[in-house]
Amino acid sequence: MTAPLRLGTRASALALTQSQHVADALTAASGVPVELVHVSTYGDRSTEAISQLGGTGVFVTALREALHAGTVDLAVHSFKDLPTAPTTGLTVAAVPARQDPRDALVARDGLTLGELPPGARVGTGAPRRMAQLRALGLGLDVVPIRGNVDTRMARALGPDADLDAVVLARAGLARLDRLSAVTETLDPIQVLPAPAQGALAVECRTDDTRVMALVAVLDDPAVRACVAAERAVLTALEAGCSAPVAAYAELAEGEDGGAELYLRASVTAIDGSDGVRGSISGPAPEAAELGRALAAELLDRGAASLMALSR
């Protein structure tokens, strides 16, 4: 009997759901059994706000250490949690199909964002969301929150609710079958998603050619191109996953019949007082170059000072 592959995962409900989805897809495609191995990360154990956790990697370092040590064969990450710098000896072998990358509002009484009264308390864990919500000029009291998806939702919907609404990634709610709680899916014109939001990264050791070959069947080239463009913005801005940076890429058929990539990105001051936003389009094979070009434009328009104010 073929020995099962050991898939390293965080132990949160969302991480386990994402990892089990990848495990099932891999077994269905290859016939190789996959077992989940729970790995505790610093980001899971800490109660600090996201912006205070010490930069990118707080949710992935322990998983990568397990890969390097050989105690797991592959790991599944929320791609938006991965540092943009490459890691020696590891590679993202697959970027599977992506969930809807938009943000979602979960509010009391079925309210939408525009229906929340001035002074309404809205919770979210991401500085990016906090900055963009404040920039809308709706007079909302935007507060930082931590916890898993259900814990956050209870802050707005539970019997002891102390908030009027929370904003979460729609992808996580979809994977946990919580979409019935969504009162509004936020248009990217209002709140632009985080780079790689809704996407997963399946990582393994670069020298493990067997696992790389098995995992490759899960890769979605279109999603990989979009994520490459979005994360290139982050890299060029020298910003981490806790910075108020947003980027969202979409693919469409170009005039020549090839895949055309349309990328939007923004940097917003954490208090919402100022921001820069831009867009660019070009051939999908040039995804990373497009991301770097758009980041350069944002830097020319003052993005660096906005990020400095947000630290």
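About the thresholds
- Each residue is numbered by its place in its chain's sequence as written, counting from 1.
- The predicted origin of the model limits local features to residues at a pLDDT of at least 70 and limits the giving and counting of side-chain atom pairs to 80 or more, whereas totals for whole chains, interfaces and linings rest on all residues.
- Values shown for side chains rest on all heavy atoms present in the structure; no hydrogens or waters enter the calculation.
- A helix here means a DSSP run of H or I that spans at least four residues, while a strand means a run of E at least two residues long, and both kinds are numbered starting from the N terminus.
- The size measure is the radius of gyration over C-alpha atoms, and the globule rule it meets is 2.2 Å times the number of residues to the 0.38 power.
- Computed by Shrake-Rupley with a 1.4 Å probe, the accessible areas treat only the displayed protein chains as cover when residues are assessed.
- Positive charge is attributed to Lys and Arg, negative charge to Asp and Glu, and no charge count is given to His or to the chain ends.
- Each charge is placed at NZ for Lys, CZ for Arg, CG for Asp and CD for Glu.
- To sort residues, take the accessible area from a 1.4 Å probe on protein chains only and compare it with the maximum for the residue type: under 20% means buried, over 50% means exposed, and anything in between is partly exposed.
- The arc in question is the one traced by the directions running from the helix axis out to the C-beta atoms.
- Should any heavy atoms of two residues lie within 4.5 Å, those residues are considered in contact.
- Polar contact is the term for a pair of N or O atoms within 3.5 Å; when the atoms are in protein, one must be able to donate a hydrogen and the other to accept it, and sequence-neighboring residues count only if both atoms are side-chain atoms.
- Only strands that DSSP links by at least two bridges are regarded as paired with each other.
- The angle between two axes is taken between their N-to-C directions and runs from 0 to 180 degrees, where each axis is a line fitted to C-alpha atoms and a helix contributes only its stretch in contact.

Trainee: Just to check I follow, could you spell out the overall build of the chain for this structure?
Mentor: Each helix and strand counted, the chain has 10 helices and 13 strands in total. The C-alpha radius of gyration of the chain comes to 19 Å, within 12% of the 19 Å expected for a compact globule of 311 residues. Judged by the C-alpha coordinates and their principal axes, the chain covers about 60 × 50 × 35 Å. As presented, the chain carries roughly 13200 Å² of accessible surface, and 52% of it is formed by carbon and sulfur atoms. Averaging the positions of the 27 positive and the 37 negative side-chain charges in the chain gives two centres separated by 5 Å.

Trainee: It is not clear to me how helix α5 (residues 149-157) should be interpreted in this structure. Could you clarify?
Mentor: Every α-helix carries 3.6 residues per turn, so stepping three or four residues along brings you back to the same face. Along α5, the residues that are buried comprise V149, R152, M153 and A156. For α5, the angular spread of the buried residues around the axis is 95 degrees, confining them to a single face. Against the buried residues of α5 lie β5 (103-107), β8 (165-169) and α6 (170-175). With a side-chain oxygen positioned 3.2 Å from the backbone nitrogen of D150, the residue opening α5 is N148.

Trainee: Would you mind showing me how to read the environment of E286 here?
Mentor: Within the secondary structure layout, E286 lies in the loop between β13 (275-283) and α9 (287-300). Between the C-alpha atom of E286 and that of V72, which follows or precedes it by 214 residues, the distance is 34 Å.

Trainee: Looking at this model, I keep getting lost on the sheet that holds strand β9 (residues 184-185). Mind explaining?
Mentor: Whenever strands of a sheet pair, they do so through backbone hydrogen bonds, lying parallel or antiparallel. Taken in spatial order, the 5 strands of this open sheet run β7-β6-β8-β5-β9, and their pairing is mixed. Among the strands making up the open sheet, the edge pair consists of β7 (141-144) and β9. By the bridge criterion, 2 bridges tie strand β6 (residues 121-124) to β8 in an arrangement that is parallel. By the bridge assignment, G123 is partnered in β8 with V166. In the packing of helix α4 (residues 127-135) onto the sheet, contacts are made with β5, β6, β7 and β8, and the angle to β7 comes to roughly 175 degrees. Relative to the sheet, α5 contacts β5 and β8, its axis offset from that of β8 by approximately 155 degrees.

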